[in-house]
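Spelled out, the chains give:
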Amino acid sequence: MEVHPSVPAKTVAEFIAYAKANPGKVNMASAGTGSLPHMAGEMFKMMAGLDLFHVPYRGAQVFPALLAGDAQIYFGPLLSSIEYIRAGKLRALAVTTTTRSDALPEVPAVSDTLPDYEASAWYGIGAARSTPAELIERLNKEVNISIAHPKFEARLANLAGTVLSGSPADFGTLISDETNKWAKVIVAANIKSN
């Protein structure tokens with residue numbers, strides 16, 4: 001959760017108060033309708049009871065708008081934002097994961113202010129439903145070994161990411177939970193596909 005430096009808020013609570021004092025006047029950038037930054041912003045709006053104006057951009061075009069102050073807030077991936085934050089061109093108010101990031105340890109989580117808020121990008125490896133269970137188990141074991149390698153973990157940490165290992169059942173639960181969470185946001189925000 002990052003803002004243009006012209007936004008007077010220095011914390012999530014201050015931003016909520018600022019947005020409530022300026023309903024419909026704060027532009028929330030996204031990397032396009034239905035993108036994770038859009039969904040994360042809509043969930044924030046829903047949970048905080050805010051009226052932010054959604055402005056969708058095409059992918060990386062969001063940063064020129066943010067840097068120019070045309071948009072005031074963005075719920076973007078830390079990986080693409082961290083250099084702007086470190087340079088003071090954008091101000092991080094919070095991370096959208098449930099815990100602080102090692103890349104920006106001084107920045108709190110949104111959930112410190114809005115309990116149960118969590119929006120994070122994740123990547124996984126899937127296989128066709130017809131793949132034999134023993135092959136799935138072997139692939140899972142090898143992937144878990146690979147992502148636990150210190151060089152992989154260090155590279156991912158350098159990109160402000162973390163490793164999440166587990167079983168195929170764990171991954172299935174994650175997919176189910178995420179699907180249910182985002183479906184609620186889509187319905188509440190009345191998001192339609194183009």
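Up top you'll find the structure we're talking about.
Let me begin by describing the structure that accompanies this report. (Residues numbered from 1 in each chain as written. Predicted model: local features only at pLDDT ≥ 70, side-chain atom pairs only at ≥ 80, totals over all residues. Heavy atoms only, no water.)

**Notes on the overall build of the chain**
For the chain, the count of helices and strands is 7 helices and 5 strands. Counting helices and strands in the order they occur from the N terminus, the chain gives β-α-β-α-β-α-β-α-β-α-α-α. Its C-alpha radius of gyration of 18 Å places the chain within 12% of the 16 Å reference for a compact globule of 194 residues. The C-alpha extent of the chain, read off along each of the three principal axes, is 55 × 35 × 30 Å. Restricting the contact set of the chain to residue pairs at least 6 apart, pairs at least 24 apart contribute 63%. Of the roughly 11,300 Å² of accessible surface on the chain, 56% is carried by carbon and sulfur atoms. (Helix = DSSP H or I, 4+ residues; strand = E, 2+ residues; numbered from the N terminus. Rg over C-alpha atoms; globule rule 2.2 N^0.38 Å. Contact = heavy atoms within 4.5 Å. Areas by Shrake-Rupley, 256 points an atom, 1.4 Å probe, with all protein chains shown as cover.)

**Re the side chain of S101**
Residue placement: S101 occurs in the loop between β5 (91-92) and α5 (133-147). S101 gets classed as buried once you look at its relative accessible area, which sits at 12%. Of the polar contacts made by the side chain of S101, one reaches the backbone nitrogen of A103; its length is 3.0 Å. Setting aside chain neighbours within four positions, we find S101 in contact with L78, V95 and A160. (Buried < 20%, exposed > 50% of the residue type's maximum accessible area, 1.4 Å probe, protein only. Polar contact = N/O pair within 3.5 Å; in protein donor to acceptor, adjacent residues only side chain to side chain.)

**Looking at the packing of helix α2 (residues 36-48) against helix α7 (residues 168-189)**
For the pair α2 and α7, the least separation of the axes is 10 Å and the interaxial angle reads 70°. When the interaxial angle is binned, α2 and α7 end up roughly perpendicular. Listed contacts from α7 to L36, M39, A40, E42, M43 and M46 of α2 are K181, W182, K184, V185, I186, A188 and A189. Here the contact of α2 with α7 is composed, by residue class, of 10 nonpolar, no polar and 3 charged. (Axes fitted to C-alpha atoms, helices over the stretch in contact; angles between N-to-C directions. Parallel < 35°, antiparallel > 145°, perpendicular 65-115°, else oblique. Nonpolar A, V, L, I, M, F, W, Y, C, P; charged D, E, K, R; others polar.)

**With respect to α2**
Here α2 is 13 residues long and its end C-alpha atoms lie 18 Å apart, about the 18 Å a rise of 1.5 Å per residue gives. Among the residues of α2, P37, H38, M39, A40, G41, E42, M43, F44, K45 and A48 are the ones counted as buried. Tucked into the core, α2 has its buried residues touching α1 (12-21), β2 (27-30), β3 (53-56), β4 (73-74) and α7. Within two residues after α2, G49 carries a phi angle of roughly 70°, on the positive side. (Expected span 1.5 Å × (residues − 1).)

**Regarding α7**
Taking 1.5 Å per residue as the helical rise, α7 with its 22 residues ought to reach 32 Å, and the 32 Å between its terminal C-alpha atoms agrees with that figure. Buried residues belonging to α7 abut α2.

**Considering the pairing of β2**
Relative to β3, β2 is paired through 4 bridges, and the arrangement is parallel. What sits directly across from M28, in β3, is H54. Considered for its hand, the β-α-β crossover made up of β2, α2 and β3 is right-handed. (Pairing = 2+ DSSP bridges. Right-handed = clockwise from strand over helix to strand, strands pointing away.)

**Details of the nonpolar core**
The biggest cluster of nonpolar side chains holds 28 residues, and the ones touching the most others in it are M1, F15, F44, I73 and Y117. Elements with a minimum of two residues in this core: α1, α2 and α7. Setting aside residues no more than four positions away along its own chain, F15 makes contact with M1, V3, V7, A9, V26, F44, L50, L52, I73 and L93. Listed in part, the 19 residues of the second largest apolar core include V55, F63, L66 and V107. (Core = buried A, V, L, I, M, F, W, Y, C linked by side-chain atoms within 4.5 Å.)

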